[in-house]
Amino acid sequence: MPIRTPIFHPPFNVVRASHVELGVRDLAASRAFYVDCLGYLVSEETTETLYLRGVEERNHHSIVLRTASEAAVDTLGFKLASEDDLDRAVFWFKGKGLPTSFPQVPFQGRTLRTVDPHGAPLDFYVRMDQCERMLQRYAAHRGARIQRIDHINCFTPDVQTSYDFFHEIGFRLTEYTETDDPDPLLWAVWMHRKGNVHDIAFTNGRGPRLHHIGVWTASALDILHMCDVMATCGYLANMERGPGRHGLSNAFFLYIRDPDGHRVELFTSDYLTVDPDLEPIRWSLKDPQRATLWGHPAPKSWFEEGAAFAGVPVRTPALAAQPIVAH
Ligand SMILES: [Fe+2]
């Protein structure tokens, strides 16, 4: 279970996790959930597709919802620092023997589409159309007043392989969970580029699958307000876990499910991780305060349910270690 020395000069410079594209079966139901209830801003809307952003976001979108026959995930998007970085990324992925293509993506500049070692689709790009700054248009803030995308969390059938891969392209480990075996194995990792706990996390489970997107709210009070709103406007069953305080990351959270089961985490108040000598924090899988500082275990659905990537086979992990589950 090697924890590796961080790489500060990676082969190309990823700035941050940027966006996700989700397949949804009923776009009107998704619009009611994301826009009318959560308060996402609509940047563009067609009969087939919704492009959404948070109130802080200058990027055209951080969530794309596309009508599909299945609620699969189309791609995970990452912003790079420059076109030179994009050239270097193409070279690096080709060198690894991974597929590369350059789809025309609306509202987005030159885009590299590739995959991680388990086949999860990844888009790397530099430029996206920019939208009006709404951060100080407070009258337009509604619902959870979601500010921006914070992170992407995936199930992987092999945490070590996912960790090694993202480590190599410059993602730095902040916290991790391992088994208590004499020779411990990684069960989950949290890795960042932008300077807080994570841009991407991986948890042991049937994968590759998307577990959730984490979206930043201005305060914990916005999350508590969302609980009151969802409980009284027909979304009671869509609240899956929380509100609570994570042990891991220290963030205040609420996990909710959209009409297709895609999971969104309202997330705020983690911490700064830019120091080069930051030591990753280890958690035991058996620590009752790992998932929730207040000791409440997560439900079974949280450990088992996620969204497959379109056309990508899902594998069962070799590691069978059991987390603490609510009964
Ligand atoms: Fe999360």
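See above for the structure.
Parameters at a glance
- Residues numbered from 1 in each chain as written.
- Predicted model: local features only at pLDDT ≥ 70, side-chain atom pairs only at ≥ 80, totals over all residues.
- Heavy atoms only, no water.
- Phe/Tyr/Trp six-rings, centres within 6.5 Å; stacked < 30°, edge-to-face > 60°.
- Helix = DSSP H or I, 4+ residues; strand = E, 2+ residues; numbered from the N terminus.
- Buried < 20%, exposed > 50% of the residue type's maximum accessible area, 1.4 Å probe, protein only.
- Lys NZ or Arg CZ within 6 Å of the ring centre and 35° of its normal.
- Expected span 1.5 Å × (residues − 1).
- Contact = heavy atoms within 4.5 Å.
- Pairing = 2+ DSSP bridges.
- Polar contact = N/O pair within 3.5 Å; in protein donor to acceptor, adjacent residues only side chain to side chain.
- Salt bridge = Lys/Arg side-chain N within 4 Å of Asp/Glu carboxyl O.
- Core = buried A, V, L, I, M, F, W, Y, C linked by side-chain atoms within 4.5 Å.
- Axes fitted to C-alpha atoms, helices over the stretch in contact; angles between N-to-C directions.

Undergrad: Lay out the packing of aromatic side chains with the relevant residues and their values.
TA: Taken as a whole and judged by the stated rule, the model has 22 aromatic pairs. Note on Phe 12 and Phe 124: the rings are 5.7 Å apart at their centroids and 80° apart in plane angle, and the pair reads as edge-to-face. Remark: Phe 124 occurs in strand β7 (residues 121-125) and Phe 12 occurs in the segment before β1 (14-24); sequence separation between them is 112 residues. With a centroid separation of 5.4 Å and an interplanar angle of 40°, the aromatic rings of Phe 93 and Phe 124 are classed as tilted. Of this pair, Phe 93 sits in helix α2 (residues 83-95) while Phe 124 sits in strand β7; the two residues are 31 residues apart in sequence, bridging distant segments of the chain. Classification of Phe 93 by relative accessible area gives buried; the value is 0%. Of the aromatic side chains, those joined through ring pairs into one cluster are Phe 12, Phe 78, Trp 92, Phe 93, Phe 124, Phe 165, Phe 166, Phe 171 and Phe 202. The ring of Trp 302 carries the charged tip of Arg 241 above its face, separated from the ring centre by 4.7 Å.

Undergrad: Could you give an account of α2, naming the residues involved and the relevant values?
TA: Here α2 is 13 residues long and its end C-alpha atoms lie 18 Å apart, about the 18 Å a rise of 1.5 Å per residue gives. When we look at burial in α2, the residues that qualify are Asp 85, Leu 86, Ala 89, Val 90, Trp 92 and Phe 93. Each element contacted by the buried residues of α2 is listed here: β5 (73-80), β6 (111-115), β7 and α3 (159-168). Two residues or fewer after α2 comes Gly 97, characterised by a positive phi angle close to 75°.

Undergrad: Could you give an account of the environment of Ala 220, naming the residues involved and the relevant values?
TA: Following the sequence through the fold, Ala 220 ends up in helix α4 (residues 220-232). Contacts of Ala 220, omitting those with residues within four sequence positions, involve Phe 252 and Thr 268.

Undergrad: Please provide a residue-by-residue account of the pairing of strand β9 (residues 172-178), values included.
TA: Along β9, 7 of the 7 residues are buried, which leaves the element largely enclosed by surrounding structure. Bridge analysis of β9 against strand β10 (residues 186-192) gives 6 bridges, and the strand direction is antiparallel. By the bridge assignment, Tyr 176 is partnered in β10 with Val 189. Where β9 lies against strand β16 (residues 281-284), 4 bridges are found, and the strand directions are parallel. From the neighbouring strand, Tyr 176 faces β16, where its bridge partner is Arg 282.

Undergrad: Give a description of helix α1 (residues 27-37) that names residues and reports values.
TA: Listed in full, the buried residues belonging to α1 are Leu 27, Ser 30, Phe 33, Tyr 34, Val 35 and Cys 37. The N-capping residue of α1, defined by a side-chain oxygen 3.1 Å from the backbone nitrogen of Ala 28, is Asp 26. Directly beyond the C-terminal end of α1, a positive phi value near 90° is found at Gly 39.

Undergrad: Please give an account of the pattern of salt bridges that cites residues and values.
TA: In this structure the tally under the stated criterion is 22 salt bridges. A salt bridge links Arg 148 to Glu 56, with the shortest nitrogen-to-oxygen separation between them at 2.7 Å. Of the two residues, Arg 148 sits in strand β8 (residues 146-156) while Glu 56 sits in the loop between β3 (49-53) and β4 (63-67), which places them 92 residues apart along the sequence. On the accessibility criterion, Arg 148 (24% relative accessible area) is partly exposed. Beyond isolated ion pairs, a larger network of salt bridges with shared partners links Glu 240, Arg 257, Arg 263 and Glu 305.

Undergrad: Break down the nonpolar core for me, citing the residues and quoting the values.
TA: One finds Tyr 34, Leu 76, Phe 78, Phe 124 and Leu 266 to be the most contacted residues of the largest nonpolar core, which totals 66 residues. When residues no more than four places from it in sequence are discounted, the contact partners of Leu 266 are Ala 144, Ile 146, Val 215, Thr 217, Ile 223, Met 226, Phe 252, Phe 253, Leu 254 and Ile 256. With 15 residues, the next largest nonpolar core counts Trp 283, Leu 285, Ala 298 and Leu 319 among its residues.

Undergrad: Help me get a handle on the sheet that holds strand β2 (residues 41-45), residues and values and all.
TA: Read from one edge to the other, the open sheet built from 7 strands follows the order β2-β3-β4-β1-β5-β7-β6, with strand pairing classed as mixed. Looking at strand neighbours, the two that pair on one side only are β2 and β6, the edges of this open sheet. Strand-to-strand twist of the sheet, defined as the mean angle between neighbouring strand axes without regard to direction, takes the value 25°. Pairing geometry for β6 and β7, over 5 bridges, is antiparallel. Following the sheet pairing, Thr 111 is matched in β7 by Tyr 125.

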